[in-house]
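Here's the letter readout for the chains.
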Amino acid sequence: MKYDKIVEAIFIERPNRFIALVKIDGAEEVELVHVKNTGRCRELLLPGAEVILEDCIEKNPNRKTRYDMIVLNQSMPLETAGWISIWKKESKNI
């Protein structure tokens, strides 16, 4: 899948399995984003983790959130560090 409008952000927390709070491009404001993977992901979604978001508001202006979380940078453990898809369905296409 090709993503057109992507932005970098820092993961803050995940209040429930559908949403996460992030800071986009170093902004002070916290943004609510949709998490495509409803699994736990506790070992991956750690505060301070780098994430990549897709801006989806033009595709569906009636969305509750502007962004979808699509990938994250898993920094620990070092032997498995790297960018991974948060959405299992698209992991083969990134």
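Reading the values: rules and limits
- Residues numbered from 1 in each chain as written.
- Predicted model: local features only at pLDDT ≥ 70, side-chain atom pairs only at ≥ 80, totals over all residues.
- Heavy atoms only, no water.
- Helix = DSSP H or I, 4+ residues; strand = E, 2+ residues; numbered from the N terminus.
- Buried < 20%, exposed > 50% of the residue type's maximum accessible area, 1.4 Å probe, protein only.
- Contact = heavy atoms within 4.5 Å.
- Pairing = 2+ DSSP bridges.

K.L.:
What should I look at first to understand the overall build of the chain in this one?
P.N.:
A tally of helices and strands in the chain yields zero helices and six strands. Starting at the N terminus and walking to the C terminus, you meet the elements of the chain as β-β-β-β-β-β. Looking at the chain as a whole, 34% of its 94 residues are labelled buried. When contacts within the chain are restricted to residue pairs at least 6 apart in sequence, long-range pairs at least 24 apart make up 46% of them.

K.L.:
How should I be thinking about the environment of Leu21 in this particular structure?
P.N.:
The residue Leu21 is located in strand β2 (residues 19–24) in this model. Along the chain, Leu21 and Glu31 lie 10 residues apart, while their C-alpha atoms are 5.6 Å from each other.

K.L.:
Any chance you could explain the pairing of strand β5 (residues 67–74) here in plain terms?
P.N.:
Counting buried positions over the eight residues of β5 gives eight, a clear majority of the element. As paired elements, strand β3 (residues 31–35) and β5 share two bridges and run parallel to each other. Considered in β5, the bridge of Val35 is made with Met69. Sheet topology places strand β4 (residues 50–55) next to β5; five bridges connect them, and they run antiparallel. Each bridged residue has a counterpart across the sheet, and for Asp55 the counterpart in β5 is Tyr67. Across four bridges, the pairing between β5 and strand β6 (residues 82–85) is antiparallel. In the sheet register, Asn73 faces β6, and the bridge partner there is Trp83.

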